[in-house]
Amino acid sequence: MKYTEDHEWLRVEGDLVVVGITEHAATQLGDVVFVELPEVEAMVARGDEVVVIESVKAASDILAPVDGEIIEVNDALVDTPRLVNDDPLGAGWFFKIRVDDLSVLDDFLDEDEYEEMIA
């Protein structure tokens, strides 16, 4: 698993990258009450706003960590946004994106680097 400096996690599944937010980010947000997901088949570029999260504390945007095509979204979050808090590294994932070259993930933080960043 890789991590961004924006507190997203990236997990490779075949030729797809699953994207969610870290436990640290979920804790900082507080209770998530609303999630707006991207459209399936949308082409996104790194840095594009793709997810909007609203919590009791704040509203936040999740940015695309890489260029690619949104292949699947986690529709369960629409009805049960608290999954982001309950299981941020599992059932609380946001979307799956197909990237042309998985080596782009080499530029992101590994777990030790991420833990050091948030310490």
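Provided above is the structure to which this section pertains.
The text that follows walks through the structure, step by step, so that each part is easy to find. (Residues numbered from 1 in each chain as written. Predicted model: local features only at pLDDT ≥ 70, side-chain atom pairs only at ≥ 80, totals over all residues. Heavy atoms only, no water.)

This brings us to the packing of aromatic side chains. Under the definition given, this model contains one aromatic pair. Consider the rings of Tyr-3 and Tyr-114, whose centres lie 4.9 Å apart with planes at 15 degrees: the pair is stacked. Taken together, the residues span a long stretch of sequence, with Tyr-3 in strand β1 (residues 2–3) and Tyr-114 in helix α4 (residues 111–118) at a distance of 111 residues. According to the relative accessible area criterion, Tyr-3 is buried, its value standing at 8%. Seen from the ring of Trp-93, Lys-96 lies directly overhead, with NZ or CZ sitting 5.1 Å from the centre. (Phe/Tyr/Trp six-rings, centres within 6.5 Å; stacked < 30°, edge-to-face > 60°. Helix = DSSP H or I, 4+ residues; strand = E, 2+ residues; numbered from the N terminus. Buried < 20%, exposed > 50% of the residue type's maximum accessible area, 1.4 Å probe, protein only. Lys NZ or Arg CZ within 6 Å of the ring centre and 35° of its normal.)

It is worth spelling out the environment of Leu-77 at this point. Turning to its location among the elements, Leu-77 is positioned in helix α2 (residues 76–79). Given a relative accessible area of 0%, Leu-77 falls into the buried group. Spatially, the C-alpha atoms of Leu-77 and Glu-36 are 8.5 Å apart, while their sequence positions differ by 41 residues. Look past the residues within four positions of Leu-77 in its chain and what remains in contact with it is Val-35, Leu-37, Leu-83, Val-84, Ala-91, Gly-92, Trp-93 and Phe-94. (Contact = heavy atoms within 4.5 Å.)

What follows is about the pairing of strand β7 (residues 59–63). As paired elements, strand β6 (residues 49–55) and β7 share five bridges and run antiparallel to each other. Opposite Glu-54, over in β7, you have Ala-59 as the bridge partner. Between β6 and the antiparallel strand that follows it, β7, lie three residues. (Pairing = 2+ DSSP bridges.)

Applying the stated criterion to the full structure yields five salt bridges. Here Arg-98 and Asp-15 are joined by a salt bridge, their closest N and O atoms 3.1 Å apart. Of this pair, Arg-98 sits in strand β9 (residues 95–98) while Asp-15 sits in the loop between β2 (8–13) and β3 (16–21), and the two are 83 residues apart along the sequence. Using a relative accessible area of 40% as the deciding quantity, one classes Asp-15 as partly exposed. A network of salt bridges, in which partner residues are shared, links Arg-11, Glu-13, Glu-72 and Lys-96. (Salt bridge = Lys/Arg side-chain N within 4 Å of Asp/Glu carboxyl O.)

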